[in-house]
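Fold and geometry: a report
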Amino acid sequence: MEVPSSWDALRKQARKLEAQLDERMNSYRKLVSANVSTKADAAESDLESWIEQLLKQLQQVNSQMQAWVSSGGSEMVSHTLTRHQEILRDLTQEFYRLRSSLRAKEEHASLLEDFKEFDRTRLDLEDGAESEQHALLKERASISRSTGHIDTVISQAQATLGALGLQRSTFGGINSKLSNVSSRLPTVNSILSAIKRKKSMDTLILSLVASVCTFLIFIYWLTK
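Every chain is numbered independently, its residues counted from 1 as its sequence is written. Selection of residues for local features in this predicted model requires a pLDDT of at least 70, selection of side-chain atom pairs for listing and counting requires 80 or more, and totals for whole chains, interfaces and linings are taken over all residues. To get the side-chain values, all heavy atoms of the structure are used, and hydrogens and water are removed first.

From N to C terminus, the protein includes 5 helices and 0 strands. The secondary structure listing takes helices from DSSP runs of H or I that are at least 4 residues long and strands from runs of E that are at least 2 residues long, numbered from the N terminus. Element order for the protein, N to C, with α for helix and β for strand: α-α-α-α-α. Throughout, a residue-residue contact means that at least one pair of heavy atoms, one from each residue, lies within 4.5 Å. Pairs at least 24 apart in sequence give 78% of the contacts found in the protein among residues at least 6 apart. Calculation of accessible area relied on Shrake-Rupley with a 1.4 Å probe; when residues are assessed, cover is drawn exclusively from the protein chains displayed. With the model as given, the accessible surface of the protein reaches about 14,200 Å², and the carbon-plus-sulfur share is 57%.

An ideal rise of 1.5 Å per residue puts 40 Å on 28 residues; helix H1 (residues 7-34) measures up with 41 Å between its terminal C-alpha atoms. Within the span of H1, buried status applies to Trp7, Leu10, Gln13, Ala14, Leu17, Glu18, Leu21, Met25, Tyr28, Leu31 and Val32. Multiplying 1.5 Å by the helix residue count minus one yields the expected span of that helix. Three exposure classes are used, based on accessible area relative to the maximum for each residue type with a 1.4 Å probe and protein chains only: buried under 20%, partly exposed in between, and exposed over 50%.

Salt bridge, as applied in this entry: a Lys or Arg side-chain nitrogen positioned within 4 Å of an Asp or Glu carboxyl oxygen. If you walk through the whole model with that rule in mind, you get 5 salt bridges. Ionic pairing is found between Arg29 and Glu94, a salt bridge with its closest N-O pair at 2.5 Å. Taken together, the residues span a long stretch of sequence, with Arg29 in helix H1 and Glu94 in helix H3 (residues 75-125) at a distance of 65 residues. Taking the relative accessible area as the measure of exposure, Arg29 reaches 26% and is therefore partly exposed. One salt bridge connects Arg83 with Glu86, and the closest N-O pair in it is separated by 3.5 Å. You can see Arg83 and its partner Glu86 sitting in helix H3, 3 residues apart, about one turn around the helix. Overall, Arg83 belongs to the partly exposed group, its relative accessible area being 47%. By relative accessible area, Glu86 is classed as partly exposed at 28%. What emerges from the salt-bridge pattern is a single network uniting Glu44, Glu48 and Arg103.

Ring geometry is summarised as follows: Phe, Tyr and Trp rings, the Trp one being its six-membered ring, pair when their centres sit within 6.5 Å, and such pairs are stacked at plane angles under 30 degrees, edge-to-face over 60 and tilted between the two. If you walk through the whole model with that rule in mind, you get 2 aromatic pairs. On the numbers, 5.5 Å between centres and 45 degrees between planes, the contact of Tyr28 with Phe95 is tilted. Taken together, the residues span a long stretch of sequence, with Tyr28 in helix H1 and Phe95 in helix H3 at a distance of 67 residues. Judged by its relative accessible area of 1%, Phe95 falls in the buried class. Between Phe95 and Tyr96, the ring centres sit 5.9 Å apart and the planes meet at 45 degrees, which makes this aromatic pair tilted. Here the aromatic cluster, defined as three or more aromatic residues joined through ring pairs, consists of Tyr28, Phe95 and Tyr96. Above the plane of the ring of Trp50 lies Arg24, whose end atom (NZ or CZ) is 4.4 Å from the centre. Charge-over-ring contacts are defined here by two conditions on Lys NZ or Arg CZ: a distance within 6 Å of the ring centre and an angle within 35 degrees of the ring normal.

The next point concerns the nonpolar core. Working definition of a nonpolar core: buried Ala, Val, Leu, Ile, Met, Phe, Trp, Tyr and Cys residues. They are joined through side-chain atoms within 4.5 Å. Among the nonpolar cores identified, the biggest contains 25 residues, and Trp7, Leu21, Tyr28, Ile51, Leu55 and Met65 are the most heavily contacted of them. Of all the elements, H1 adds the most residues to this core, at 9 residues. Apart from residues no more than four positions distant in its own chain, Leu55 is found in contact with Leu21, Leu88, Leu91, Thr92 and Phe95.

Further remarks concern the side chain of Glu94. By relative accessible area, Glu94 is classed as buried at 18%. Apart from residues no more than four positions distant in its own chain, Glu94 is found in contact with Met25 and Arg29.

The next subject is the confidence of the model for the protein. Residue-level confidence of the predictor is what pLDDT reports, using numbers from 0 through 100. For the protein, mean pLDDT is 75; residues scoring 70 or higher make up 60% of the total. In the model of the protein, helix H4 (residues 131-184) stands out as the element of lowest mean pLDDT, 64, in contrast to H1, which has the highest, 92.

Where H1 meets helix H2 (residues 42-70), the axes come as close as 9 Å, and the angle between the chain directions of the two elements is 155 degrees. By the angle class used here, H1 and H2 are roughly antiparallel. Viewed along their axes, H1 and H2 form a crossing whose handedness is left-handed. To get an axis, a line is fitted to the C-alpha atoms, and for a helix only the part in contact is used. The angle between two axes follows their N-to-C directions and goes from 0 to 180 degrees. The cut-offs work like this: below 35 degrees is roughly parallel, past 145 is roughly antiparallel, 65 to 115 is roughly perpendicular, and the gaps in between are oblique. The handedness criterion is simple: a crossing whose near helix is rotated anticlockwise from the far helix by less than a right angle is left-handed, and one whose near helix is rotated clockwise is right-handed.

This brings us to a nonpolar patch on the surface. Nonpolar side chains collect at one region of the surface, where Val212, Phe215, Leu216, Phe218, Ile219, Trp221 and Leu222 lie side by side and expose about 740 Å² of accessible area between them. Looking at where Phe215 falls in the secondary structure, it is placed in helix H5 (residues 189-223). A patch consists of residues exposed above 30% relative accessible area that lack any salt bridge, with like charges linked at up to 9 Å and nonpolar side chains (Val, Leu, Ile, Met, Phe, Trp, Tyr) linked at up to 5 Å.

Encoded structure:
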């Protein structure tokens, strides 16, 4: 990606990426609302890849804008950067939420298909199939359900980790601005320090929750 040489160029590039993301997110919302298939198709995968790529590019532009502000930008420039960061955060969180919902719908459809297949096979076996074969089919359906639940939990954990990464980036920009304010207004330095400690504690708690979820998923997978 070519590095813009001015603040106006950065803003123009951010707006262009945000517009492209809005267009593709609209398509993705429609896909999530209408999808009833048991697995992702090529169009779905391509659309998700496009959105992920655009989000990464927008994150890079925001980082360049943050560097511009940190080098001595005005309050108006800082406010503009905050707005672009909020747009990026909202789009990222919505994408992870929609993707998690889509995976859950696909898993649900897959489980229904497994149950239908199991019922058809059960009816065929009632005329003389051995009980051992019946038990194996039942076990297969059980394993399929368990695997589906694990995939759903992993998808949700990935969404949580993605949101945590975005929040960490946002907190970094906020901390930089708070440092500038504290240097200009020493009388509120103690209040800002308390706010920083609170944000650090919240980030630590979210990280611990994500780690515990990942550990429990791993343990559950090993015990299956």
